[in-house]
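Coordinate analysis (summary)
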Amino acid sequence: MPINIIDYSNAKEGEKGQALETLCDGEWEMPSQIEALEKWLIKNKSNLPKGSYVADIGFSPRPDALGGGAVLTMQAMEIMVSIGMELFLSEYPGFEDE
C-alpha cells in the first residue's frame, strides 16, 4: 500500500476515487515515503489541475526509532494546498521478517 494517490475530483459522495499513482511499494518507513511524495508532487504539480485529491501514506512505526523522522516541507504543503490534496496517515502494525 504505502502511498496511494487518489483523485476524488469527479467522484460523487460515497464513491471511490480514481487511483492515480502508487509510490514506495513495499516501503513502510515514513521518512522515505515523505521524501518520495515530495519529489512526486514537484514533478507532477503542473499536470494536476485544482481538484480533490488524497495522498494516503500507509506506514509502520520504525522499531529502532528514537525520535526525529519525516518532514513535510512547506513547498510540498503549498503544492498540496494549491491542487486540493489532503494527507491521510494510515498506521499499520510492524511486520515481522519471515
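Up top is the structure these notes are about.
Notes on the structure follow. (Residues numbered from 1 in each chain as written. Predicted model: local features only at pLDDT ≥ 70, side-chain atom pairs only at ≥ 80, totals over all residues. Heavy atoms only, no water.)

**Focus: helix α2 (residues 74–83)**
Residues that lie three or four places apart on an α-helix share one face, since the helix turns once every 3.6 residues. Regarding α2, the residues found buried are A76, I79, M80 and I83. End-on, the buried residues of α2 take up no more than an arc of 100°, which puts them together on one face. Away from its buried face by more than 90 degrees, α2 exposes M74, E78 and V81. Where the residues of α2 are buried, they touch α1 (30–44), β3 (53–59) and β4 (85–91). One or two residues past the end of α2 sits G84, with phi positive at roughly 80°. (Buried < 20%, exposed > 50% of the residue type's maximum accessible area, 1.4 Å probe, protein only. Helix = DSSP H or I, 4+ residues; strand = E, 2+ residues; numbered from the N terminus. Arc of directions from axis to C-beta. Contact = heavy atoms within 4.5 Å.)

**As for the nonpolar core**
One finds I5, L37, W40, L41 and M85 to be the most contacted residues of the largest nonpolar core, which totals 18 residues. Listing elements by their share of this core, those giving two or more residues are β1 (3–7), α1, β3 and α2. No other element matches α1, which puts five residues into this core. Excluding anything up to four places from it in sequence, W40 contacts I5, E21, L23, L48 and M85. (Core = buried A, V, L, I, M, F, W, Y, C linked by side-chain atoms within 4.5 Å.)

**Things to note about the packing of aromatic side chains**
All chains considered together, the criterion is met by one aromatic pair. An angle of 75° between the planes, with centres 5.4 Å apart, marks the rings of W28 and Y92 as edge-to-face. With a gap of 64 residues between them, W28 in the loop between β2 (18–23) and α1 and Y92 in the segment after β4 connect regions that are remote in the sequence. (Phe/Tyr/Trp six-rings, centres within 6.5 Å; stacked < 30°, edge-to-face > 60°.)

**Remarks on the side chain of Q33**
Note on placement: Q33 falls in helix α1. Of the residues examined, Q33 reaches a relative accessible area of 0% and is grouped as buried. Within the local environment of Q33, its side chain forms a polar contact with the backbone oxygen of G58, the two atoms lying 2.9 Å apart. Residues contacting Q33, with those up to four places away along its chain left out, are P2, I3, C24, E27, W28, I57, G58 and F59. (Polar contact = N/O pair within 3.5 Å; in protein donor to acceptor, adjacent residues only side chain to side chain.)

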